[in-house]
Every structure is written in C-alpha cells, then in structure tokens.
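What follows is each chain in one-letter form.
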Amino acid sequence: MLASSHILLAGSISNATENNLVSRAHEFVAAFVEESLKEGAGFVVYVSSEPINDAGLPMVFDWTVTKAIDRLIPGDADKPRLKIIASEERLSTKCNAEQRRLVATLTARGVAELEYLEEEVLTGGNVGDEQVEHANMMVALGGGKGVSDRARKMTKRLLPVLPLDLQLGANSEDGSGALSLLKDFKTNPLTYMPNSGNRVVKLLPALSLQEPVMSMADISKRIAKIFYEEEKARIDALPPDVLVLTALDVELAAAKRAFGIAEDAEHATTKNGLHVYKAPVTQRNGKTASCVVACFATAGNVDAAVVTSMLLGDLNPANVIMLGIAAGMRDKCALGEVVLAERIVAYEGEAVLEGGKVEARPEITRLNFRVRQDVSDYLSNRTSLETRLTRSYTSLGLDFPEDVDAGPVAKSVMPKQATVASGEKLLRDPDVFKAMRELHGKVEVAEMEAAGLFAACNHFGKPVLMVRGISDFGDSKKDNRFHLLAAMAAAAVTADYIANGMTLQN
C-alpha cells in the first residue's frame, strides 16, 4: 500500500516518563516499522548519539527504527528502505563502534542510503529540513519544538502528518510536540491530512497508544491504511496525466481491455455528467501515468470538439490521446495496421466563389514538437517495440487472419506515422478518398473526429496524439468485420506508447 513512500517518525521522550510508557513507545515503533516495510515503505532517520534514561531505555526513536530495519531485512536490498541523515563528525564521535558498524553494514547491503550534513552548519532546523526533503509522510510521537517544526514543514508541503497521543514528554523538555499537534489536528484535520482529514479525525480514538484498545501491530496496520488512503485520495484528486478518448462503443471496449478495465467496471462521473474510467499505466521508468478513458458515444467532429472540450474543462489532463478505427487507402495501408497521425487535414473547409466555383481551404494541423519527439523516439526502437507489441497482441487475443476478400491484412504489428484526413463523410468511394491527396499529397487515412479533437486540444493548449487502426479501405467493400480487430490493435499501441514512449511533464 505504501510503495515508494518514506516515513519520518519524529519524536523523543522525557527522562521523567514512566518506563512502561517508554517501553510501549518502542514496542509501537518496532511494530510500525515492520508493518510499513511489508507495505513497501521506507523511513528517514537522523543518527547521532542515543540518549538513555536511568533504566537504560532509549529516549529517541531513530536507532530503534534503524535496528528494526536491519533485523527485518537481513540480506541485500534492491532499493534503499532507509534514508540516514548524519554528520560525518558526529557519526564518528557521538556514535559507538557498534552503531557505526550498523550504518556501514546497512549501506553496504543497499538497505540504507547515507546523506551527510556539514558539521559547520548543523542545526536542529537543518536536520529537520533534510528529513522533510526525503519524507512524504510523518508520524509524531512525543517530542517538543523539533517535532512541531518538522510537522509545520511537512504540512506546508501538503504532506500528511499523524500525531499520536502517548504522553512521553520531550527529551529536550522544550514543548508539547505531538500532543499539541494532536489537539490542533482535531480542530483542523485538513491541515494534517489534506485529502482525508475529516474522516481520519473520527478514527483517532482507535489509534490511542496512551489507552490502547488494540495490539501495537493492529494499530500499525490502521495507520498504514490511513496513509495509503490519504495518498490514494491525493492521487485521485490530481488532474490525470493522460485523457484517452474513443468515439464508438467498439473502441471503448477495446480501450477497456488494453488498459485492464473490467467490462462491468463502474464508471466515475465528471461534474458535467460524462462517464470516465480510471486506469493507471506503469511506465518503463517506474513512474505511474494516471489515465482516464472516456467515449464520445458518437462519431463526428462536432461532437468530438464539444465532448473533448467538456472533458478538458472537467479534468484538466496533461495529455490527450484518441484511439479508434479509420479508413486507409487500399494501396497505402493494410487492415489491422496501426497509424499514429503526424498531421490532420480538415478537408471540408471551402469557399464558394462567383459562378458556383468551389475553392478548397483545408485546415492542416501538425503534432506539437514534444509529441513529435516522443513519437519519433518510440518508433525508432523497432526491435523492442515489435517484441512488446507481439506479446501484447497475444495477451489480448488478437489474431490477424490471412488476406481476405476485403483486402490485404497487416503482416506486422509495427505501427507507422501517416497523414490523416478528417471530415464528416463516411467514405465508400475510393475516388473521393484518393482526391483528398490533392489537398495534401501524404494523406493515407480518413476518419471523422480528428479535426474537432485537435481544435479543442489546441484551444486548451493540450498536447494531443491520435492512434488509429485500419478497419476498411473507404470503398464499397467497407463493413464492420475488422472494427474490433482494428480497435484492439490501436488500443494495444496506445497503452504501450503511454508506458514506453510518452514523456510525462513534471
């Protein structure tokens, strides 16, 4: 639930605190570290000396966290699960040999990553700044001004902070730390949990460490779930990285399959009542592209422009891709072949001159520079692209037949770039189709939504790409037999392009 998260467990304990409460605090920390590691999280600590009370119990938690991680990850790690902030001088003078060996061992095994601070500028505030720089969620337990300062820095970045109620005091006796934060949390929950605070505040009694009603392990599970749901709510509230558009039900069905959306999945609804389906896509760099799939539910440029504009206003996506089917010229394309539009020729613009003479005035739109760069890079990696798409086509059950009476069928899964003509004509006349090359000599594909789609995206300043599978040749043999095959091929390429070709902007 907490993959790639790093938790700052900030706090300390007063020398006057009863030993049973001190022991309970460390029992909780050990249980919480174990649960968090299970859920994929890591921790951020600052290591220096470890003050102890008269009973020999530690008054800070950083070494407790570090030792727990060492115990729970005994071997090598594929990625660091512990960010250690330290001063090289204090590590050598304030820490004992066993502690230094622990830090060195964790670093050597890839479990920990060490970040040094210069001794000359080392202050409590600088340590807090460095911890907050690496953390994206915080638990507050006891402590004083240092805990409050770290919480303030976290909340300024809109990162979640969960204060707990165990009455531990502070090692420096300079403030009420977590207890003060908890009091404010109850009054201003959205300050500490910006996306789910109003719900979390109702759960606080079950998280009590002062008068626990559950085991430390169960409390830890509840906290991990709270952080997960806060992060999920944050992501759900963000504008999507990619709006994936379709026009027809067969195209929507193909998009659902390619993006792993169940056929009977419940749709979400935008504020304008438009149906959308959320579908995360993992990119090759490990990042997750948040995608939203939607459908115009009709063909035509007018509806494409209107519905796209409504979705752009409702969702504010960073990128737009449309997938679906189109007609291809018989001598230029093959059934099931996938094309990525390099430019759109809106062919129906014209002027009627004196004497009834008609002058064509097409509107020609190219992809923006960033999209052109991404598409060129994507298509240039031909071997890996063909391998991935072959695997994807197989997993989706795509089976290209041999050539049929309707015309030649694609022999390769490789997509290509093409110039696309867009208008309101459903083409069944190859001569009319070929005449479009007089408007632009590279026209190979014709369809009915691109002009409206690109106009809307240009108006909103959104980069847009169109991916089409060839379903017919725009002649008298046009029928529906290849609609699903072509739509599925386009959907497979679209999903692969998002995962392996699209550059997400920060």
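In case you missed it, the structure is sitting above this.
Our subject in this report is the structure included herewith. Keep in mind it's a predicted model, so treat the numbers as computed, not measured.

The helix and strand tally for the protein chain stands at 17 helices and 18 strands. For 506 residues, the compact-globule estimate of 2.2 N^0.38 gives 23 Å, and the protein chain exceeds it by more than 25% at 30 Å. Each principal axis of the C-alpha atoms in the protein chain carries an extent, and together these give about 100 × 45 × 45 Å. Classification of the 506 residues of the protein chain by burial places 52% in the buried group. For the protein chain, long-range pairs separated by at least 24 residues make up 76% of all intrachain contacts whose partners lie at least 6 apart in sequence. Surface exposure of the protein chain reaches about 22700 Å², of which carbon and sulfur atoms provide 49%. Computing the positive centroid from 56 side-chain charges and the negative centroid from 67, the protein chain places the two 1 Å apart.

Of all five residues making up strand β17 (residues 443-447), five are buried, and the element is well covered by its neighbours. Pairing of strand β11 (residues 319-328) with β17, which is carried by two bridges, proceeds in the antiparallel orientation. The residue bridging Ala327 from the neighbouring strand is Ala446, located in β17.

It is worth spelling out the packing of aromatic side chains at this point. Inspection of the entire model under this criterion finds five aromatic pairs. Aromatic pair Tyr378 and Tyr497: ring centres 5.2 Å apart, planes at 90°, arrangement edge-to-face. With Tyr378 in helix α13 (residues 369-380) and Tyr497 in helix α17 (residues 483-500), this residue pair connects regions lying 119 residues apart in the sequence. On the basis of relative accessibility, which here comes to 2%, the residue Tyr497 falls in the buried class. Measuring from centroid to centroid gives 5.7 Å for Tyr393 and Phe400, while their planes differ by 5°, and the two rings are stacked. Exposure class is identical for Tyr393 and Phe400. Each is buried. Taken together, Phe28, Phe32 and Phe43 form an aromatic cluster joined through their ring pairs.

With that settled, consider helix α11 (residues 249-258). The set of residues buried in α11 consists of Val250, Glu251, Leu252, Ala254, Ala255 and Lys256. Considering only its buried residues, α11 is in contact with β7 (242-246), β9 (275-282), β10 (288-295), β11, β18 (464-472) and α17. One or two steps after α11, the chain reaches Gly260, where phi turns positive at roughly 70°.

Moving on, we come to the sheet that holds strand β3 (residues 82-87). Read from one edge to the other, the open sheet built from six strands follows the order β4-β3-β2-β1-β5-β6, with strand pairing classed as parallel. Edge positions in the open sheet fall to β4 (112-117) and β6 (161-163), since each of these has one partner strand only. Geometrically, the sheet is characterised by an average inter-axis angle of 20° between neighbouring strands, direction not taken into account. The sheet contact formed by β3 and β4 spans six bridges and is parallel. Bridge pairing in β4 places Leu82 opposite Ala112. Strands in contact with helix α6 (residues 145-156) are β1 (6-12), β5 (137-142) and β6; relative to β5, the strand with the most contacts, it is inclined by about 160°.

Once that is clear, we can look at the nonpolar core. Judged by nonpolar contacts, the single largest core of 85 residues is most densely connected at Leu243, Leu245, Phe259, Leu311, Tyr393, Leu465 and Ile498. Ranked by residue count, the leading element in this core is α17, at 13 residues. Sequence-distant contacts of Leu465, defined by excluding residues within four places in its chain, comprise Val320, Ile321, Met322, Leu340, Ala341, Leu367, Val371, Val375 and Tyr497. Counting residues in each nonpolar core, the second largest holds 74 residues, with Val33, Met137, Val147 and Leu162 among its members.

A few words on the side chain of Ser471. By secondary structure assignment, the location of Ser471 is in strand β18. Of the polar contacts made by the side chain of Ser471, one reaches the side chain of Asp472; its length is 3.0 Å. Setting aside residues up to four positions removed in sequence, Ser471 forms contacts with Ile325, Ala326, Leu335, Asp479, Phe482, His483 and Ala486.

So, on to the pattern of salt bridges. A full pass over the atoms with the stated rule returns 20 salt bridges. Arg361 is the partner of Glu359 in a salt bridge, and the nearest nitrogen-oxygen pair spans 3.0 Å. Ionic contacts of the salt-bridge type, sharing partners, join the residues Asp129, Asp149, Arg152 and Lys153 into one network.

A few words now on the environment of Leu159. Mapped onto the elements, Leu159 comes out in the loop between α6 and β6. Along the chain, Leu159 and Asn20 lie 139 residues apart, while their C-alpha atoms are 32 Å from each other. Look past the residues within four positions of Leu159 in its chain and what remains in contact with it is Ala135, Asn136, Met154 and Tyr192.

It is worth spelling out the environment of Ala151 at this point. Here Ala151 lies in helix α6. Once residues lying within four places of it in the same chain are set aside, the contact partners of Ala151 are Met138, Val161 and Leu181.

This next bit is on the pairing of strand β2 (residues 42-46). The buried fraction of β2 amounts to five of the five residues, a majority that puts the element mostly inside the structure. Burial of the side chains of β2 extends over both faces: Gly42, Val44 and Tyr46 are buried on one face and Phe43 and Val45 on the other. By the bridge criterion, three bridges tie β1 to β2 in an arrangement that is parallel. Across the sheet, the residue bridging to Ile7 is Phe43, located in β2. Taking the sense of rotation as the criterion, the β-α-β connection linking β1, helix α1 (residues 19-38) and β2 turns out right-handed.

Rules behind the numbers
- Residues numbered from 1 in each chain as written.
- Predicted model: local features only at pLDDT ≥ 70, side-chain atom pairs only at ≥ 80, totals over all residues.
- Heavy atoms only, no water.
- Helix = DSSP H or I, 4+ residues; strand = E, 2+ residues; numbered from the N terminus.
- Rg over C-alpha atoms; globule rule 2.2 N^0.38 Å.
- Buried < 20%, exposed > 50% of the residue type's maximum accessible area, 1.4 Å probe, protein only.
- Contact = heavy atoms within 4.5 Å.
- Areas by Shrake-Rupley, 256 points an atom, 1.4 Å probe, with all protein chains shown as cover.
- Lys, Arg positive; Asp, Glu negative; His and termini not counted.
- Charge placed at Lys NZ, Arg CZ, Asp CG, Glu CD.
- Pairing = 2+ DSSP bridges.
- Phe/Tyr/Trp six-rings, centres within 6.5 Å; stacked < 30°, edge-to-face > 60°.
- Axes fitted to C-alpha atoms, helices over the stretch in contact; angles between N-to-C directions.
- Core = buried A, V, L, I, M, F, W, Y, C linked by side-chain atoms within 4.5 Å.
- Polar contact = N/O pair within 3.5 Å; in protein donor to acceptor, adjacent residues only side chain to side chain.
- Salt bridge = Lys/Arg side-chain N within 4 Å of Asp/Glu carboxyl O.
- Right-handed = clockwise from strand over helix to strand, strands pointing away.

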